[in-house]
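Structural overview
The chain contents come next:
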Amino acid sequence: MVGIVLVSHSRALAQATRELVAAMTGPGLPLALAAGTGENRAELGTDATEILEALQTVLKEDGALLLMDMGSALLSAETALGFLEDADRARVRLCAAPFVEGAVAAGVSANLGLSLDEVAREAEKALKQKENQLGVPQAPAPVPAAEAAFANGAEKSVEAVILNPHGLHARPAAKLIQAAGRFKDADITISNATTGRGPVSARSLSSVGGLEILQGHTVRLGAHGPHAGEALEELRQLIAAGLGEEVSPLPAAVPQKKQEKAASTPRGEAVAQPLGGGLALGPAFFADAALPEVAAAPGAGADAEAKRLEAALATARKDLTAEYGKAHASLGAERAAIFEAQLLLLDDPALVETAQSLIKEGQAAPAAWRESAARLVAHYRALEDEYLRQRAADMVDVGRRVLAALGVSVPPVFDLPEPGILVVDDLAPSDAASLSPRRVLGVLCRDGGTTSHSAVLLRGRGIPALVQARGLLEALRAGTTVAFDGTSAEVWIDPDPALRQKLEARRQAEAAARAAEEKAALEPAVTKDGHHVEVLANIGGEKDAASARAKGAEGVGLLRTEFLFLDRPTPPNEEEQVALLEKIFDAAGKMPVVVRTLDAGGDKNLPYLHMAPEANPFLGVRALRLCLREPELFQTQLRALLRAGAGRDIHLLLPMVSDLSELRLARAALETAHAALEKEGRPHLWPAPLGVMIEIPAAALLADSLAREADFFSIGTNDLTQYALAADRGNSALAALQDALHPAVLQLIASVVRAAHAHKKKVAICGEAAGDPAAAQVLVGLGVDELSMSPARIPALKARLRECAYGDLQALAAKALALENAAAVRALFAKK
């Protein structure tokens, strides 16, 4: 079997690529890494000696293929080949294929037993699918004999419907190719009967990928040879079984549900779709959220321009990571995930490798990046699927970020000369997250969609907005007064004075209601019958702490510390952590602050810990489990927290506790940190209240034993819900099971409250449910003492609780525990 060596500047990239290849091929493929330099190979670079050693481990009779990521990796590989004997050197190929796609295609082909030349050819074809999607002109390719034969009529053929939710993507395609490869004497081809693409060889991953086979598409398999019928029947059965993925029968065709009510002009024309937010009224200001033009300029050489782009990408990653932390605190996990999606775009090979190729052709980094980003934007906008088309705005956003980091002038799209209505083709997520409701009274998007990332952020900020407003904007001119209701979808263009006065009165009434809530925000949330509920804020940094105080937070219920550890090659030292924490604590003033210890793992990988790949990282070594396995990292953080907390009202919170033994181990680590600081004579917080985050059903069921030794509880309803109901909160198909008001989750929460109160310990809620008015009423009725949420939600939530009677909420919560599902619980409280 042909061996493969992955040569990369980044050890993490090579390891991740190896994991991806292994998922397609299984463990038998001879594959070695030569990546990174320095101690533990943690620094960027390549080493010819390591490449030679890696080659020697996989170079057998069938030969070996080397895939390099960029630049000096090729020079290092060529240097390594110079040390080989002539006979060995003749059995090695240096491959120009794109690194990740080429590795997957080569791995699948090698696993089929193809020759070295055939493996190299398949790897080099791996870029074809992306080029087709991006409209890159292609020279006519020779048609393999098997495909030509099938085009003229195969000996046997079968058809099958693809059931996989994401179609025939890389992993199931690899399963199909491996199965086809077992029939050595059968020439097998595949075509997309739904779109008419193909036929292509069923042994070529790049060719199969180029067919763009989606869920519900019919594929036609053809074969020649003595075992053609047997091969086709096995492949048909594999497709029906899902090719290694769980699949379900496709639902019967049903009429399309009517979408959200379309907005209409006074003449009744459907012109837009609403996002919510109430009434907006003001002059229209048109803005351009497109990629800025970049003037052609000579580069400083390919190597220098490549490094310049890498530095800009690193800056963009750092900025996005910071915004993720802020959004997580102020807007919640779902909305913060938008910035995680943009981080993935920054590493998309289709984007980065195209830019690097253009740089090699002589373009300067800004022009190369702009052209690469524009191609991908055009690709997204040309897609048929509406949800995918809406990702074009994310690509524009990422493109603008990197251009700014490269020194290109990127004007803000929301710099309005006076308060008014922002009119854009589409709004980038970062712009949506930073809009000021005082300046931007409403947003009209020519494109966009109700499920776009910008839409999610606009809803979170309470800014009235309409999307898909192309018809409306054709009749709108800059400076014209426009009014619209983001909830009811009514629209008025240039209303007459009488109507404008009426609309303004309506807008002012809505604003007055919000202002009253803001004005009363500093007052406590006390129900009509005198029950006080503490309302706290979730924050992610210094500015959020100041905002929390202004919005009426009585404390910080959750300060996440991941922002200190992410997007860096080495962990933060103690002094760095102390300095940053002190700034946040100073901004919080005299408010109590609950600080969660490091919650890494799952979707937050720390490259400097060299965390082993896990099949399901959300159920793996993460949060407290990870900290207990990394005692040095944990000690450094605990020491920093104790030092920064000296003389302040600081409480420590442990994430993802499973049982009492973990709490005891964490407390022992905290006491070790205290003893060391005391011995050194350093001022620090002591005693330090230590709480447990209830996120795992096991912890909820063991709440009584945990309450004996924990100082307080904080319930993370997001994770508790997904673990209790076995429903991944990132899976939109399971949205109905992602509601913390499900009676099963409420029963767990009720048991936690009973156990905590029996030991005179407080219970807080720090998940998304705390800021949901309906959910908050249920939780208060169950006896929860504190609710912690994004600062923006505090005034309205307090106002809602003041309208309630605690006795009524208790009675309704008791009824909720016996209902069938979350929808029934919400209906119960809607009648209140």
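Source: prediction; values computed, not measured.

Details of the overall build of the protein chain
Looking only at helices and strands, one finds 34 helices and 25 strands in the protein chain. Residues counted as buried form 51% of the 832 residues belonging to the protein chain. A sequence separation of at least 24 residues applies to 70% of the contacts in the protein chain between residues at least 6 apart. Carbon together with sulfur atoms contributes 53% to the accessible area of the protein chain, which is approximately 36,400 Å² in total.

Digging into the packing of helix 23 (residues 574–588) against helix 25 (residues 631–644)
For the pair helix 23 and helix 25, the least separation of the axes is 9 Å and the interaxial angle reads 40°. The orientation of helix 23 relative to helix 25 falls into the category oblique. In this structure, helix 23 crosses over helix 25, and the sense of that crossing is right-handed. Across the interface between the two elements, E574, E575, Q577, V578, L581, E582 and F585 of helix 23 pack against T636, Q637, R639, A640, L641, R643 and A644 of helix 25.

Observations regarding the side chain of T717
One can find T717 in helix 29 (residues 717–724). Excluding residues within four positions of it along the chain, T717 makes contact with A740, I749, I765, G767, E768 and A769.

Description of unusual backbone geometry
Outside of glycine, negative phi angles account for most residues, and trans bonds account for most peptide bonds. Across the junction of W686 and P687, the peptide omega takes the value 0°, indicating a cis bond. Along the chain, P687 falls in the loop between helix 26 (660–680) and strand 22 (690–694). For A623, which is not glycine, the phi dihedral falls at a positive 55°. Examined against the element boundaries, A623 turns out to sit in helix 24 (residues 623–629). We classify A623 as buried; its relative accessible area is 0%. We note that A726 has phi near 50°; this positive angle belongs to a residue other than glycine. Position of A726 relative to the elements: it lies in the loop between helix 29 and helix 30 (743–758).

Some remarks on the sheet that holds strand 8 (residues 218–224)
Adjacent strands of a sheet pair through backbone hydrogen bonds, lying either parallel or antiparallel. Spatially, four strands are ordered 5-8-6-7 in an open sheet, and the strand pairing comes out antiparallel. The open sheet has two free edges, formed respectively by strand 5 (156–161) and strand 7 (197–201), since each of these has just one partner strand. Geometrically, the sheet is characterised by an average inter-axis angle of 20° between neighbouring strands, direction not taken into account. With six bridges connecting them, strand 6 (residues 187–192) and strand 8 associate as antiparallel partners. By the bridge assignment for strand 8, N192 is matched with V219. The sheet contacts of helix 11 (residues 228–241) involve strand 5, strand 6 and strand 8, and relative to strand 5 the element is tilted by about 0°.

What to know about the packing of helix 5 (residues 99–111) against helix 6 (residues 116–124)
Helix 6 packs onto helix 5 with a crossing angle of 150° between their chain directions and a minimal axis gap of 8 Å. Along this stretch, helix 5 crosses helix 6, giving a crossing that reads as right-handed. When helix 5 is examined against helix 6, the residues G102, A105, A106, S109 and A110 are found in contact with a partner set consisting of V119, E122 and A123. Partitioned by chemical class, the residues of the contact of helix 5 with helix 6 number five nonpolar, two polar and one charged.

Some remarks on the pattern of salt bridges
Enumeration according to the criterion identifies 30 salt bridges in this entry. When the shortest N-O distance is used, the salt bridge between E504 and R507 registers 2.7 Å. On the criterion of helical spacing, the pair formed by E504 and R507 is a turn pair, its members being three residues apart in helix 21 (residues 497–519). R667 is the partner of D711 in a salt bridge, and the nearest nitrogen-oxygen pair spans 3.5 Å. One end of the pair, D711, is in the loop between helix 28 (703–709) and strand 23 (713–715); the other, R667, is in helix 26, with 44 residues separating them in the sequence. Within this structure, E574, E575, R639, R643, E680 and R682 form a network of salt bridges that share partners.

Observations regarding helix 32 (residues 794–802)
Along helix 32, seven of the nine residues are buried, which leaves the element largely enclosed by surrounding structure. Those residues of helix 32 lying buried are I794, P795, L797, K798, A799, L801 and R802. Where helix 32 is buried, its residues contact helix 21, strand 17 (525–526), strand 18 (532–539), helix 31 (773–781) and strand 25 (786–789).

Conventions adopted
- Along each chain, residues carry numbers from 1 onward, in the same order as the chain's sequence is written.
- Local features in this predicted model are restricted to residues of pLDDT 70 or higher, and side-chain atom pairs are both shown and tallied only at a pLDDT of 80 or more, whereas totals for entire chains, interfaces and linings draw on every residue.
- Only hydrogens and water are removed before side-chain values are computed, so all heavy atoms of the structure are retained for them.
- Comment: elements are numbered from the N terminus, with helices defined as DSSP H or I runs of at least four residues and strands as E runs of at least two.
- Throughout this description, buried means an accessible area under 20% of the type-specific maximum (1.4 Å probe, protein chains only), exposed means over 50%, and partly exposed covers the range between.
- Should any heavy atoms of two residues lie within 4.5 Å, those residues are considered in contact.
- Only the protein chains shown count as cover for residues, and the accessible areas themselves come from Shrake-Rupley with a 1.4 Å probe.
- To obtain an axis, a line is fitted to C-alpha atoms, over the contacting stretch when the element is a helix, and the angle between two such axes runs from 0 to 180 degrees between their N-to-C directions.
- Under this scheme an angle from 65 to 115 degrees is roughly perpendicular, one under 35 degrees roughly parallel, and one over 145 degrees roughly antiparallel; angles in between are oblique.
- Throughout, a crossing is termed right-handed when the near helix is turned clockwise from the far one, and left-handed when it is turned anticlockwise from it by less than a right angle.
- Two strands are said to pair when DSSP picks up at least two bridges between them.
- Only Asp, Glu, Lys and Arg are considered charged in this grouping, and only Ala, Val, Leu, Ile, Met, Phe, Trp, Tyr, Cys and Pro are considered nonpolar; every other residue, Gly among them, is considered polar.
- Each salt bridge in this description consists of a side-chain nitrogen of Lys or Arg and a carboxyl oxygen of Asp or Glu lying within 4 Å of one another.

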